[in-house]
Amino acid sequence: MHAASSIDRPDHNGSSGPIGLMAAMPQELQALIDLMPDEASVRCGSRIFWRGHLHGQEVVAVLSGIGKVAAAITATLLADAFGVSQIWFTGVAGGLGAEVRVGDVVVGEALIQHDMDASPLFPKHELPGLGLSRLHPPVALTRWVHDGVAQALLDVHRHVPLHALGLPQPRVHQGLIASGDQFVASAEDADTLRHHLPDVLAVEMEGAAVAQVCDAFGLPFAVVRTISDRADASAHLDFTRFIEQVASPYSLAIVSALLKSKSSVA
Ligand code: SAH
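Residues numbered from 1 in each chain as written. Predicted model: local features only at pLDDT ≥ 70, side-chain atom pairs only at ≥ 80, totals over all residues. Heavy atoms only, no water.

### A look at the pairing of strand S3 (residues 47-54)
Here comes step 1: Note: strand S2 (residues 40-44) against S3, 5 bridges, orientation antiparallel. Along S3, the bridge assignment pairs Ala40 with Arg51.
Here comes step 2: Counted along the chain from S2 to the antiparallel partner S3, the turn is 2 residues long, and its residue Gly45 has a positive phi close to 60 degrees.
Here comes step 3: Alignment of S3 against strand S4 (residues 57-63), held across 6 bridges, turns out to be antiparallel. Of the residues in S4, the one forming a bridge with Trp50 is Ala61. (Pairing = 2+ DSSP bridges. Helix = DSSP H or I, 4+ residues; strand = E, 2+ residues; numbered from the N terminus.)

Okay, structure coming up:
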């Protein structure tokens, strides 16, 4: 068999390409687009990508889609058709770690697909072909994102009426995020996840899929999640209100702070 050659992708800029911004919610995406002075939309399949600049940085912003497959399609297009240099994902998640409260933010240090189970052929959670179950963003990027998030949240009370919403001043956590095609909304399911993954901080439906795509394309990535619920029976309450009043302003503040800080070092 001959060695495979690569498809030539004219848009592919490697490390100098735009930053891919994946938003989980339409409200989050809209807030980003509203800040882009020169946004232009490009349709690719059923998705609309927004190319332009944000705080001086070249970006491509897009709605992720819900679930691992939807997120993987979106991330693949960002990587291959738009030639992004890295992907930042923002959205909400259910809190599983004991210290992780609604309104806190979790930065992914490792991502795992909690519903991947090809046992007995492979150990539970192992990604067949990759020989591992946890994917890690670059350590330096994670640390930089963590610090940027902490900085962005210092004055978040100026945009979000924390007190009126009964929320504490947000804390930033860094650790394991589990993803699966399931909205976890029972104490029993949350306990099962904690049993299998004792160090898990949060559960959501996309992050580890994006991580796997980034692994396949050699791209750095960051996953930042605002905790919207505790993945228990009350998880569905006021979801929309939380996204509009808390998660979207948080995401905007976080992405803006990170882009500004990148501009100042670039
Ligand atoms: N109400 C939304 C559906 C949200 S699905 C709508 O109508 O469109 C849940 C989304 O929030 C997913 O993107 C997932 O990543 C995240 N999420 C928040 N809490 C979660 C939980 N407890 N379990 C799984 N995913 C959760």
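### Overview of the pairing of strand S5 (residues 86-95)
Both faces of the sheet carry side chains from a regular strand, because those side chains alternate between them.
Here comes step 1: Among the 10 residues of S5, 10 are classified as buried, and the element is accordingly described as predominantly covered.
Here comes step 2: For strand S1 (residues 19-23) and S5, the ladder comprises 5 bridges, and the chain directions are parallel. Bridge pairing links Ile19 to Gln86 in S5.
Here comes step 3: Here S5 runs beside strand S10 (residues 221-229); their pairing, made up of 8 bridges, is parallel. (Buried < 20%, exposed > 50% of the residue type's maximum accessible area, 1.4 Å probe, protein only.)

### Here we look at the site of the ligand
Here comes step 1: In the region of the ligand, 16 residues are neighbours, and Phe183, Val184, Met205, Glu206 and Asp229 sit closest.
Here comes step 2: At 2.7 Å, a side-chain N or O of Glu206 approaches an oxygen atom of the ligand.
Here comes step 3: One nitrogen or oxygen atom from the side chain of Arg225 is found 3.3 Å from an oxygen atom belonging to the ligand.
Here comes step 4: For the ligand, the protein covers 74% of the area, taking 570 Å² as the surface of the free molecule.
Here comes step 5: Contributions of two or more residues to the shell around the ligand are made by S5, strand S9 (200-204) and S10.
Here comes step 6: A per-class count over the shell around the ligand returns 9 nonpolar, 3 polar and 4 charged. (Near = heavy atom within 4 Å. Polar contact = N/O pair within 3.5 Å; in protein donor to acceptor, adjacent residues only side chain to side chain. Areas by Shrake-Rupley, 256 points an atom, 1.4 Å probe, with all protein chains shown as cover. Nonpolar A, V, L, I, M, F, W, Y, C, P; charged D, E, K, R; others polar.)

### Things to note about the environment of Val42
Here comes step 1: Looking at the secondary structure, you find Val42 in strand S2.
Here comes step 2: Linking Val42 and Val60, residues 18 residues apart in sequence, is a C-alpha distance of 9.8 Å.

### Focus on the packing of aromatic side chains
Here comes step 1: Scanning the model with the defined rule gives 3 aromatic pairs in all.
Here comes step 2: Ring centres 5.9 Å apart and planes at 90 degrees place the aromatic pair Phe183 and Phe239 in the edge-to-face group. Taken together, the residues span a long stretch of sequence, with Phe183 in the loop between strand S8 (172-179) and helix H4 (187-196) and Phe239 in helix H6 (residues 239-265) at a distance of 56 residues.
Here comes step 3: With relative accessibility at 41%, the residue Phe183 sits in the partly exposed group.
Here comes step 4: Residue classification places Phe239 among the partly exposed positions, given a relative accessible area of 25%. (Phe/Tyr/Trp six-rings, centres within 6.5 Å; stacked < 30°, edge-to-face > 60°.)

### Observations concerning the pattern of salt bridges
Here comes step 1: Applying the stated criterion across every chain yields a total of 10 salt bridges.
Here comes step 2: Close ionic contact of Asp181 with Lys68 constitutes a salt bridge, the shortest N to O distance being 3.7 Å. Within this pair, whereas Asp181 is found in the loop between S8 and H4, its partner Lys68 is found in helix H2 (residues 68-80), the two being separated by 113 residues in sequence.
Here comes step 3: With relative accessibility at 43%, the residue Asp181 sits in the partly exposed group.
Here comes step 4: Residue classification places Lys68 among the buried residues on the basis of a relative accessible area of 14%.
Here comes step 5: Between Arg194 and Asp191 there is a salt bridge whose closest N-O contact spans 2.9 Å. Note that Arg194 and Asp191 are positioned in helix H4 at a spacing of 3 residues, about one turn of the helix.
Here comes step 6: Residues participating in the shared-partner salt-bridge network are Lys68, Asp115 and Asp181. (Salt bridge = Lys/Arg side-chain N within 4 Å of Asp/Glu carboxyl O.)

### Examining the side chain of Thr142
Here comes step 1: Here Thr142 is to be found in helix H3 (residues 139-154).
Here comes step 2: Judged by its relative accessible area of 4%, Thr142 is buried.
Here comes step 3: A distance of 2.9 Å separates the side chain of Thr142 from the backbone oxygen of Pro138, its partner in a polar contact.
Here comes step 4: Each residue touching Thr142, except ones within four places of it in the same chain, is listed here: Val107, Gly108, Glu109, Pro137 and Gln174. (Contact = heavy atoms within 4.5 Å.)

### Considering unusual backbone geometry
What is expected of a backbone is that most residues other than glycine have negative phi and most peptide bonds are trans.
Here comes step 1: Cis rather than trans, the peptide bond between Ser119 and Pro120 has omega equal to 5 degrees.
Here comes step 2: Residues other than glycine seldom take positive phi values, yet His125 does so here, at roughly 80 degrees.
Here comes step 3: Along the chain, the position of His125 falls in the loop between strand S6 (105-113) and strand S7 (134-135).
Here comes step 4: His125 gets classed as buried once you look at its relative accessible area, which sits at 7%.
Here comes step 5: Here the phi dihedral of Ala231 falls at roughly 55 degrees; this positive angle occurs in a residue that is not glycine.
Here comes step 6: Mapped onto the elements, Ala231 comes out in the loop between S10 and H6.

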